[in-house]
Amino acid sequence: MTSGIKGFDEMIGGGFWPGSVVLVRGAPGTGKTLMGLQFLVHGAMKHNEPGLLISFEEFPDSLYRDAEALGWNLKELESSGKLHQMFTSPKVFLASLQSPEARLNQLILDANIRRLVLDSITHFDRLTDDVQELRRIYASVANGLRREGVTAMLLGEEGRAEYRRADKGGLSFIVDTIVLLRYVEIESAMQRAIVVLKMRGSDHAKEIRRYDIGPGGLTVLDVFEGREGLLSGIPYRALP
Ligand SMILES: Nc1ncnc2c1ncn2[C@@H]1O[C@H](COP(=O)(O)OP(=O)(O)OP(=O)(O)O)[C@@H](O)[C@H]1O
Ligand SMILES: [Mg+2]
């Protein structure tokens, strides 16, 4: 399942495995929502694969404007039935994965949803303080989505302080693929970095690449050459 992100599909050996569960983790503003949208818009427009965006927070009008600036007319895709949105709560979403007659399952069947984006998986953290319980919740989300037969992208929020405990509940072990979006500060400028941390069943790219957001969405650029410590957030020039 191609993402439509120039330079990124090559990093993942051509595309995501159909039916897999992908986690996209990144700090606020790194472009997680846009990456999810691009995956849906590309599927809808280029492969005639209807997409569903599930959100736990109402999308602001600015999202439509941002999308428009990138060249995506979300309203048009929605009215042609190729893009669907669902606002719900983590609790309702969890319950509906377990009941075939729920609105979610009906929509997936009726609209022939092939691609699904969940914005964001971090909302499930607030359901419980118990790590074991959280692990069970994550597993039922991932397995529920696998049962639905969709290729799913879960967006995960990650702040600096959360970096170490980002894997509370072992989400990294449950998903098939992990993509990390990061800001790196180089010579007093913020740059965006993307890396594939894991991809089951694929010899994915291991390098850290630069990416940009602009017309057309995300574009993956060159490898950060001669830089060490990019993922720690403290990059420095590697000694020759
Ligand atoms: N037209 C555009 N041109 C260039 N950059 C853009 C454009 N529209 C949005 N952006 C960039 O995209 C970023 C927002 O992306 P997005 O909303 O996907 O981030 P996010 O990771 O989902 O953030 P959050 O964690 O707050 O939800 C902004 O920081 C902005 O820099
Ligand atoms: Mg977002």
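We now turn to the structure provided with this report. In this convention, every chain numbers its residues from 1, walking through the sequence in written order. All chains are assigned letters beginning with A, and all ligands numbers beginning with 1, in the order in which they are written. Totals for whole chains, interfaces and linings use all residues, but because this is a predicted model, local features are given only for residues with pLDDT of at least 70 and pairs of side-chain atoms are given and counted only at 80 or more. In computing side-chain values, all of the structure's heavy atoms are included and hydrogens and water are not.

**Digging into the overall build of the chain**
Here is the rule: Every helix listed is a DSSP run of H or I at least four residues long, and every strand listed is a run of E at least two residues long, numbered separately from the N terminus. It is over C-alpha atoms that the radius of gyration is taken, and the globule rule equals 2.2 Å times the number of residues to the power 0.38. Think of it in three bands: residues with accessible area under 20% of the maximum for their type are buried, residues over 50% are exposed, and the middle band is partly exposed, with areas taken using a 1.4 Å probe on protein chains only. Here, two residues are considered to be in contact whenever any of their heavy atoms come within 4.5 Å of each other. Accessible areas in this description were obtained via Shrake-Rupley with a 1.4 Å probe; residue shielding takes into account the shown protein chains only.
When helices and strands are tallied, the chain shows 8 helices and 11 strands. In terms of C-alpha radius of gyration, the chain reaches 18 Å, essentially the compact-globule figure of 18 Å for 240 residues. A burial count over the chain gives 50% of its 240 residues as buried. If you take every contact in the chain between residues at least 6 apart in sequence, the share linking residues at least 24 apart comes to 68%. Here the chain has roughly 11600 Å² of accessible surface; of this, 51% comes from carbon and sulfur atoms.

**Notes on helix 5 (residues 90-98)**
As a reminder of what qualifies: The arc under discussion is defined with respect to the helix axis, by the directions toward the C-beta atoms.
Along helix 5, the residues that are buried comprise Pro90, Phe93, Leu94, Ser96 and Leu97. Looking down the long axis of helix 5, one finds its buried residues gathered within 165° of arc, a one-sided arrangement. Exposed residues pointing more than 90 degrees away from the buried face of helix 5 are listed as Lys91 and Gln98. Contact partners of the buried residues in helix 5: strand 2 (51-55), helix 6 (103-110), strand 4 (115-119) and helix 7 (131-148).

**Concerning unusual backbone geometry**
Following Asp119, the chain continues into Ser120 via a peptide bond in cis, with omega recorded as 5°. Within the element layout of this structure, Ser120 appears in the loop between strand 4 and helix 7. Positioned with a positive phi, Asn48 is a non-glycine residue whose angle comes to about 55°. With phi around 55°, Asn112 is a residue other than glycine that occupies positive phi space. Tracing the backbone shows Asn112 in the loop between helix 6 and strand 4.

**Considering the side chain of Gln38**
Rules: Any pair of nitrogen or oxygen atoms within 3.5 Å is treated as a polar contact; in protein, a donor-acceptor pairing is required on top of that, and neighbouring residues in sequence qualify only through side-chain atoms on both sides.
Structurally, the position occupied by Gln38 is in helix 2 (residues 32-46). At 3.2 Å, the side chain of Gln38 and the backbone oxygen of Gly216 are in polar contact. In this view, Gln38 contacts Ser3, Gly4, Ile5, Trp72, Gly216, Gly217 and Leu218; residues no more than four positions away in its chain are not counted.

**Some details on the packing of aromatic side chains**
Defined as follows: What counts as a ring pair is set by centres within 6.5 Å for rings of Phe, Tyr and Trp (its six-membered ring), and what kind of pair is set by the plane angle: stacked under 30 degrees, edge-to-face over 60, tilted for all other angles.
By the definition in use, this model includes 5 aromatic pairs. Judged by centre distance (6.2 Å) and plane angle (70°), the rings of Phe56 and Phe93 are edge-to-face. Of this pair, Phe56 sits in the loop between strand 2 and helix 3 (61-70) while Phe93 sits in helix 5, and the two are 37 residues apart along the sequence. As far as burial versus exposure is concerned, Phe56 and Phe93 are alike and both buried. Taking the centre distance of 6.2 Å and the plane angle of 55° together, the rings of Phe93 and Phe124 count as tilted. In this pair, Phe93 is assigned in helix 5 and Phe124 in the loop between strand 4 and helix 7, connecting sequence segments 31 residues apart. Look at Phe93 and you get buried, because its relative accessible area is 1%. Joined through ring pairs, the aromatic side chains of Phe8, Phe16 and Phe39 make up one cluster.

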